[in-house]
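Structural overview for review
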Amino acid sequence: NEQPKSIIVIFGATGDLAKRKLYPSLFRLFQKGSISEQFAVVGIGRREWSDETLRSQVKESIQTEISGDHTNLDEFCNQFYYKPFNVTSQHSYTELKEMLHTLDKRHQIGGNRVFYMAMAPEFFGTIAQYLKSEGVTETEGWTRLVIEKPFGHDLASAKKLNDEIREAFSEDEIYRIDHYLGKEMVQNIQVIRFANAVFEPLWNNQHIANIQVTSSERLGVEDRGGYYENSGALRDMVQNHMMQMVTLLAMEPPLRLSTEEIRSEKIKVLRALRPIADQQVQESFIRAQYGQGVYDGETVQGYLKEKNVSPDSQTETFVAGKLLIDNYRWAGVPFYIRTGKRMAAKSTKIVIEFKPQPHNLYHDKIEKNGSNLLVIHIQPDEGMTLMLNGKKIGTTGDTSSVNLNYSQHGIDGINTPEAYERLLFDCMIGDATNFAHWDEVNLSWAYIDAISEAWDEDQSNLPSYPSGSMGPREANELLEQDEFHWWPIE
Ligand code: BG6
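Here's what I pulled together on the structure shown here. Note that the structure is predicted; figures quoted are calculated from it, not measured.

1. Observations concerning the overall build of the protein
Of the regular secondary structure elements, the protein holds 14 helices and 16 strands. Its C-alpha atoms give the protein a radius of gyration of 24 Å, near enough to 23 Å, the size a compact globule of 490 residues would have. Summarising its shape, the C-alpha atoms of the protein cover approximately 80 × 50 × 45 Å along the three principal directions. Of all 490 residues assigned to the protein, the portion counted as buried reaches 54%. For the protein, the accessible area works out to roughly 22200 Å², and carbon and sulfur atoms hold 48% of it. Where the 50 positive side-chain charges of the protein centre and where its 70 negative ones centre are 2 Å apart.

Have a look at this one:
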């Protein structure tokens, strides 16, 4: 396969995402030879940096983020260029056009360009429009726009943003990032489902009792209080990452493994989601905020004491919800989701709970919690566990649970590529499968808006949960009312 070559223009080159994720991921791709040596990165920011400042920042970020082999780091860094930029000034774009033209010739890139938006979202639309009007997107190669979250704040703003970028780029040139789609085990969901004859025949409401998706974090909001106050867990995690995992678990087998077929099946799931009518929001979606708590013997403060957080903030840092999918396969099967900051563990897991047999000969012998479960470990462990029942060794006829486990620690195991590494590469080869199509973003915002609107009107106080716990009591009650419970995820 030909190694893709491109100029990568990063808006937000001095920012955190660029330093922590983009530079290290590009370096790994470069080191592995996945991308062509004919590449250049143009870092764009407001600050008056020189090429040299950017290069030394890139070098530092790689030395911090990647342990081990740094061969060819200088050579890599020398292909970085910096451009101080004012995103609202036409002049900046005419200069950029010239610069890209020169670099294109110098590195023989053939006119391919990735424009990566990794900065404050209010400028995404403006930048895209200027890129077009000033001819920066006119080249003999391809041009692609990569756009980071948040993609809008609600459906109306997402639509506005989409209309703006669509004036400059066509849908198939737009790569909306959801970094969960770049995770090894999120990509594995469809392989587990569609490459195993033992699962897919059971993957429906005849055999599955419920599905539970948990993504918990130990960290609090850190220094992102300003952003988070306007977002909350619903917009920050549910609208994108959690909904994406649900669609991958629920989608029908695509006709073939093409971008279009896969995304079209995912879109159908979102279309089948039962809309949340106002009065049901309280019953099916729980929000809460972390209070003080103890981690490893140390007391940590609650959300209201965090930097840039209003002392009477009603922002949720935890969401648990029940989604219903009204189609033939899933009628009657709840999909429970749960996510939050400052919880007991940093962990993302999916539990598929199978229904009990219609007639269980061992009903009085089976250990408590003898349900068959398939657990998909997304992170930090990567793998799966199938929980079965077997005979207890000895003279009794009792059963005991047997766990078939295949997993490795994401960090200690073979070095699986970072989500951003895959996604950058996919973009450069023109594969948009693991990026969100506009229809997905549109439908998931419509679903989320109904929840946030109901919450905005609800004056009752937000429940709180102690830092270091798995969330508030209400999240347990959500399942108990259906006679289920959250399976432990540690
Ligand atoms: C981001 C959210 O999209 O995902 C963060 O903005 C969150 O608030 C992060 O911490 C979680 O990602 P991961 O890959 O660590 O599970």
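Text resumes after the structure shown.
2. Here we look at the site of the ligand
Around the ligand, the structure places Lys149, His179, Tyr180, Lys183, Glu217, Arg224, Asp236, Met237, His241, Lys341, Lys346 and Gln379. In the model, an oxygen atom of the ligand is placed 2.8 Å from a nitrogen or oxygen of the Lys149 side chain. Gln379 places a polar side-chain atom, nitrogen or oxygen, 2.7 Å from an oxygen atom of the ligand. Starting from 400 Å² of accessible surface for the ligand in isolation, the protein chains cover 80%. Among the elements that line the shell around the ligand, the one with the most residues is helix α9 (residues 232-250), at three residues.

3. Here we look at the sheet that holds strand β1 (residues 7-11)
Working definition: the strands of a sheet are paired by backbone hydrogen bonds and lie parallel or antiparallel to each other. Taken in spatial order, the six strands line up as β3-β2-β1-β4-β5-β6 in an open sheet, and their pairing is parallel. In the strand order of this sheet, the two ends are held by β3 (80-84) and β6 (174-176), each with one partner. Taking the axes of each pair of neighbouring strands and ignoring which way they run, one obtains an average angle of 20° across the sheet. Where strand β5 (residues 143-147) and β6 come together, three bridges link them in parallel fashion. When the sheet's bridge partners are listed, Val146 is paired in β6 with Tyr175. Across the sheet, helix α1 (residues 16-31) is in contact with β1, β2 (40-45), β3 and β4 (113-117); its angle to β1 comes to roughly 170°. Contacts from helix α4 (residues 90-107) reach β1, β2, β3 and β4 within the one sheet, and its direction differs from that of β3 by about 170°.

4. Thoughts on unusual backbone geometry
The step from Lys149 to Pro150 runs through a cis peptide bond, and the omega angle for that step is 0°. Mapped onto the secondary structure, Pro150 falls in the loop between β5 and α6 (155-168). Following Gln379, the chain continues into Pro380 via a peptide bond in cis, with omega recorded as 0°. The residue Pro380 is located in the loop between β13 (373-379) and β14 (381-391) in this model. With phi around 55°, Glu222 is a residue other than glycine that occupies positive phi space. In this structure, Glu222 sits in the loop between β7 (208-216) and α8 (225-229). Here the phi dihedral of Asp296 falls at roughly 45°; this positive angle occurs in a residue that is not glycine. Taking the relative accessible area as the measure of exposure, Asp296 reaches 69% and is therefore exposed.

Rules used throughout
- Residues numbered from 1 in each chain as written.
- Predicted model: local features only at pLDDT ≥ 70, side-chain atom pairs only at ≥ 80, totals over all residues.
- Heavy atoms only, no water.
- Helix = DSSP H or I, 4+ residues; strand = E, 2+ residues; numbered from the N terminus.
- Rg over C-alpha atoms; globule rule 2.2 N^0.38 Å.
- Buried < 20%, exposed > 50% of the residue type's maximum accessible area, 1.4 Å probe, protein only.
- Areas by Shrake-Rupley, 256 points an atom, 1.4 Å probe, with all protein chains shown as cover.
- Lys, Arg positive; Asp, Glu negative; His and termini not counted.
- Charge placed at Lys NZ, Arg CZ, Asp CG, Glu CD.
- Near = heavy atom within 4 Å.
- Polar contact = N/O pair within 3.5 Å; in protein donor to acceptor, adjacent residues only side chain to side chain.
- Pairing = 2+ DSSP bridges.
- Axes fitted to C-alpha atoms, helices over the stretch in contact; angles between N-to-C directions.
- Contact = heavy atoms within 4.5 Å.

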